Amino acid sequence: EASLGGLDDFVEKLKARQKHNDEDIRLAIRRQAATGRRARADLDEAKSAVRELFERIKAIKAKAEQSEELVSDVCRDIKSLDIAKRNLTLTVTALKRLVMLVTALEQLRTLGSCRKYEEASRLIHAVDELAGHFRELNHVNRVADLLEKKSAILDDLKQQLMDDYVSVLGGPVRHELPDDWGTSAAFCVDALGPAMRREVVTQFCLRILEDYKDIFQPPKEASGLETAERRFSWLDRMLHKYEEKYASVFPELWRVPCSLCEHFCHVTRQHLVEILSTSHHTVDPELMVRVLRKSIDYENKLARKYPVDDLPAKRDVQPDAVDYTSGAVGFGLKYPDVLGKAAKSQKQSAADAAADNAQFAPRFRGIISECFDAYLSSWVQHEERQLLEVLAATGSSTDKITTQYDESHEDEDEGGSGCLYASAPSLFAAMKMSMNKCSGFSTHNTLFDVFKVFQKVMAQYVDKLSKRLPDRITAPLDASTVKAVCCVIGTAEYCDETMPVFAEQLLRVISSEFEDRVTFSQEQELLGNLMHRANQVLVQSVNCSLDESFMKMNRTNWEKFAQEVGDHSAYVGEISEQLSKHFAPVAASLSKIHYRFFCDKFVQTFVKRYIEEIYKCKKISEQGAQQLLLDTTLIKTTLLETPVVAGNGGKMQTAYSNYVLREMGRAETMLKVLSSPDVVDASSVIAMLGDDRPAAEISRLLALRATADGEHNLFAGNEDDRYGSSNMTAIGSTMKNFGDSLNQTGLKASEDLKKNFMDMKKNVHKLGFSGVNLPSFGGRKAGSSSGAPQ
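Scoring rules and cut-offs
Residues numbered from 1 in each chain as written. Predicted model: local features only at pLDDT ≥ 70, side-chain atom pairs only at ≥ 80, totals over all residues. Heavy atoms only, no water. Phe/Tyr/Trp six-rings, centres within 6.5 Å; stacked < 30°, edge-to-face > 60°. Helix = DSSP H or I, 4+ residues; strand = E, 2+ residues; numbered from the N terminus. Buried < 20%, exposed > 50% of the residue type's maximum accessible area, 1.4 Å probe, protein only. Salt bridge = Lys/Arg side-chain N within 4 Å of Asp/Glu carboxyl O. Expected span 1.5 Å × (residues − 1). Contact = heavy atoms within 4.5 Å. Patch = residues over 30% accessible without salt bridge, like charges linked within 9 Å, V, L, I, M, F, W, Y side chains within 5 Å. Areas by Shrake-Rupley, 256 points an atom, 1.4 Å probe, with all protein chains shown as cover. Core = buried A, V, L, I, M, F, W, Y, C linked by side-chain atoms within 4.5 Å. 1 Å grid on protein atoms, 1.4 Å probe; cavity = no way out; pocket = protein on both sides within 12 Å on 5 of 7 lines; lining within 4 Å. Points joined across faces, edges and corners; volume = space filled by probe spheres on them. Disulfide = S-S within 2.5 Å. Nonpolar A, V, L, I, M, F, W, Y, C, P; charged D, E, K, R; others polar. Axes fitted to C-alpha atoms, helices over the stretch in contact; angles between N-to-C directions. Left-handed = near helix turned anticlockwise from the far one by under 90°.

*Asks:* Teacher, can you tell me more about the packing of aromatic side chains here?
*Replies:* Between two aromatic rings, the relevant description is the distance of the centres plus the angle of the planes. Scanning the entire structure with this criterion turns up 32 aromatic pairs. Relative to Tyr 246, the ring of Phe 204 lies with its centre 5.4 Å away and its plane at 80 degrees, an arrangement referred to as edge-to-face. On the criterion of sequence distance, the pair formed by Phe 204 in helix 5 (residues 194–216) and Tyr 246 in the loop between helix 6 (228–245) and helix 7 (256–279) is long-range, its members being 42 residues apart. Taking relative accessible area as the criterion, Tyr 246 reaches 5% and is therefore assigned buried.

*Asks:* Looking at this structure, I do not really get the pattern of salt bridges. What am I missing?
*Replies:* Opposite charge on two side chains lets them pair, provided their charged atoms get close. Taken as a whole and judged by the stated rule, the model has 23 salt bridges. For Arg 555, the salt bridge identified is with Glu 548, shortest N-O distance 3.6 Å. With a relative accessible area of 52%, Arg 555 lands in the exposed category. By relative accessible area, which is 42% here, Glu 548 ends up partly exposed. A salt bridge links Glu 663 to Arg 666, with the shortest nitrogen-to-oxygen separation between them at 3.1 Å. You can see Glu 663 and its partner Arg 666 sitting in helix 20 (residues 654–674), three residues apart, about one turn around the helix. Within this structure, Asp 547, Arg 609, Glu 613 and Lys 616 form a network of salt bridges that share partners.

*Asks:* Just checking my understanding: could you explain helix 4 (residues 181–191) for this structure?
*Replies:* Side chains of residues three or four places apart in an α-helix project in the same direction, reflecting 3.6 residues per turn. Taken across its 11 residues, helix 4 has nine buried, putting it largely inside the fold. Within the span of helix 4, buried status applies to Trp 181, Gly 182, Ser 184, Ala 185, Ala 186, Cys 188, Val 189, Asp 190 and Ala 191. Two residues or fewer after helix 4 comes Gly 193, characterised by a positive phi angle close to 110 degrees.

*Asks:* For this particular structure, what's the right way to read helix 11 (residues 377–392)?
*Replies:* For helix 11, built from 16 residues, the straight-helix expectation of 22 Å at 1.5 Å per residue is met to within 8% by its first-to-last C-alpha distance of 22 Å. Against the buried residues of helix 11 lie helix 8 (285–305), helix 12 (423–439) and helix 13 (445–467).

*Asks:* It is not clear to me how a nonpolar patch on the surface should be interpreted in this structure. Could you clarify?
*Replies:* Judged by side-chain polarity, Leu 4, Leu 7, Phe 10, Val 11 and Leu 14 come together as a nonpolar surface patch covering roughly 460 Å² of accessible area. Here Leu 4 lies in the segment before helix 1 (7–113).

*Asks:* What exactly am I supposed to notice about the nonpolar core here?
*Replies:* For soluble globular proteins, nonpolar side chains are generally found buried alongside one another. In this structure, Phe 250, Tyr 595, Phe 598, Phe 602, Tyr 610 and Leu 639 are the most contacted members of the largest nonpolar core, which totals 185 residues. When residues in this core are grouped by element, the largest group, 14 residues, is from helix 14 (residues 479–509). With residues up to four places along the chain from it excluded, the contact list for Phe 602 reads Val 539, Val 542, Asn 543, Leu 546, Leu 579, Phe 583 and Leu 639.

*Asks:* Is there a simple way to think about the layout of surface pockets in this case?
*Replies:* By rolling a water-sized probe across the atoms, one finds the places where empty space is left. Counted as a void, the second largest pocket has a volume near 380 Å³. Surrounding the second largest pocket, 19 residues form its lining, Asp 373, Phe 441, Ser 442, Thr 443 and His 444 being those nearest its centre. Taken together, the elements giving at least two residues each to the lining of the second largest pocket come down to helix 8 and helix 13. Per element, the largest residue contribution to the lining of the second largest pocket is four residues, and it comes from helix 8.

*Asks:* Just to check I follow, could you spell out the state of the cysteines for this structure?
*Replies:* Put plainly, two cysteines are in a disulfide when a covalent bond ties their sulfur atoms together. All chains considered together, the criterion is met by zero disulfides. No disulfide involves Cys 258; its nearest neighbouring cysteine sulfur is the one of Cys 261, lying 6.7 Å away. This cysteine, Cys 487, is not joined by any disulfide, and Cys 419 carries the nearest cysteine sulfur, 4.6 Å off. Using a relative accessible area of 0% as the deciding quantity, one classes Cys 487 as buried.

*Asks:* Sorry if this is basic, but what is going on with unusual backbone geometry here?
*Replies:* Peptide bonds are trans in most cases, and residues, glycine excluded, mostly fall at negative phi. With an omega of 5 degrees, the peptide bond running from Pro 218 to Pro 219 counts as cis. As for its position among the elements, Pro 219 is in the loop between helix 5 and helix 6. A positive phi angle, close to 60 degrees, is found at Arg 115, a residue other than glycine. With relative accessibility at 13%, the residue Arg 115 sits in the buried group. The backbone of Arg 255 sits at a positive phi, close to 50 degrees, despite the residue not being glycine.

*Asks:* Looking at this model, I keep getting lost on empty space enclosed by the protein. Mind explaining?
*Replies:* Taken as a whole and judged by the stated rule, the model has three cavities of 30 Å³ or more. Reported here for the largest cavity is a volume of approximately 50 Å³. Around the largest cavity, the lining residues are Met 162, Tyr 165, Val 166, Leu 169, Val 200, Gln 203, Phe 204 and Arg 207. If you list the elements that add at least two residues to the lining of the largest cavity, you get helix 3 (141–168) and helix 5. Of the residues assigned to the lining of the largest cavity, the class counts are six nonpolar, one polar and one charged.

*Asks:* What is the right way to read the environment of Arg 304 from this model?
*Replies:* Locating Arg 304 in the fold gives a position in helix 8. On the basis of relative accessible area, Arg 304 is assigned to the exposed category, the value being 58%. Along the sequence, Arg 304 and Arg 365 sit 61 residues apart, while their C-alpha atoms lie 9.9 Å from each other.

*Asks:* Would you mind showing me how to read the packing of helix 14 against helix 17 (residues 570–589) here?
*Replies:* As a packed pair, helix 14 and helix 17 sit with axes 9 Å apart at the nearest point and diverge in direction by 35 degrees. Of the two elements, helix 14 crosses helix 17, and the hand of that crossing is right-handed. Residue-level inspection shows Val 482, Lys 483 and Cys 486 of helix 14 in contact with helix 17, the latter providing Pro 585, Val 586 and Ser 589. Class assignment of the residues belonging to the contact of helix 14 with helix 17 gives a composition of four nonpolar, one polar and one charged.

Listed below in structure tokens is the structure:
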């Protein structure tokens, strides 16, 4: 109730506020009604003002159109007046120029007839400029006649100038020429253009060369190649005469001596082509090359004397734009104001002359000498004949043997002296002389043709060396033949090393387009085959010397051999003697590297043959196998020592020693198997020889054993037990018994062999092969050494 105490007052306030709001709404409605009436009145007033504005704009637009029509009429009238004025001006100017052209042509005719060439040269420029304005009007008869008249006057002036220049050379004199005629005539010629200048110079040079043609034109007596040097002497005299007599007539910028030399070269080229085309098959090639070299030298001389770089370029001459206003008055020409700037001044003429000289600059190098290229095949054939003559003069009986020390290897053990035929250095010297001679005048097709001749000559030389080798070896070669074969190897080695150097020298001078085709690879391959064949001849020769010794070995009845094993067999001593006898001349005639290669190839052949000779013995008893084992050990020592002794103490490569030890060790192992007193089956043999041996080889080895009657087949054992451990005990017992027997019967040989092994190990370490360990004698396992020597 307390909260509702003021409710009545609040209600009264709300009613008073509502009454006040109603009054405000009523007043607003009344004001809005009054305002609407005024707005309608304002709108009507605005519409009336817009209508009035539209009327005014329409009137202004009509007046503007009238003004535009009036302005267009005025502009059209003004444009017509401008066109009329311009046409009138052009017509007046054209008439003035026409009058001046007619006057200038008459003046030019008069000056030309009076030979006032300097004034005429200036007038020529004015005539050219004036005539240029009428070229588009040549369809008008009057203008066409005037232009024809101008051409006729200039032609007459040109002919008059040509006649005057002819009179300078002693021709008919139609008019006395003043002292300064040459300078003024040069101005006039330059004004007539570069073509006129070239014609004057060309005609002058050709008239001077008439005397040259009278003397040297084929088929006259002095036209031959043998008198070619007289041609160049004639030109030198003529150049000297020009400097004395004609240099003042022609400006230096015309380069008349240069043009004279150029025309001389062209005429000389024509003469030489005519001569060579009819007689190049019969002419002396040396004479032709001599003339060619003289021509090249003279071309180079002219190129140095008249270099293209010295020609003044057009940009180097900055002509001044000189007007002819004052000059036109001097010539009596009216209206000089329409002549304007000079089209060409004297400086501009000089600039044009310089540009023309640069465009037609002569090329002296090759201008004469290139005509010989098509006929140099006869010289190439001549050089080929000469090289073949050098080759033919070196017969097997006349070819001297020389000794040359090979310095190409820094290691003294790789170099050494070797024998070769003196024909090889002589042939390369002749080839180098031909190359130098040809490169002096040609580095293109002719030099490449000469290179192909070199290839042909080298192929024939290799064939000639090949014929000095015996075709078939059936007996040992004598010392002279051995030396000849060694010389073939040394000569082939010399050629093989010299040809790449020779090819590099050729590549330095030949054109780059032939670089990929200059190679002696095929010839080097032929030389490699020749060296291999010659080495095989030496190997076969030494191998043939052992035939008798191996025959004694095979004639021995090893199946029933019952002698005590104490000394080597007789054939072993013969083998050692033959090897020493035949190795000595080979070592004396070959270089160290080829001697080692020979030893490598020989020992490969020998070991293979020695094993085959063992198989030829058919049956070998235990006692015989022990003797063969001792012989094998001594032969192995011989193979290690003989090359060193024959080579005067020269060390052999480690690969050679390793190969001898390994391959001869195989033969020793075979004989150890055969000397075993116990029964040995296939698995035991495989354990000793290695599991890489084929079954056929093992069967063949076991077939050599001499067995008692009724003994079973040794190879009948089970192959699956080839690695059985039970048989290894028997092998160990057998090897122990064999070692005791060998120690008792061959103690001295064993001591010698052990000493040789120790010396060999020292030599190997001296060579620098510290990583190679040679096995100790008596304890070496078969197959443990390095591969065969390369």
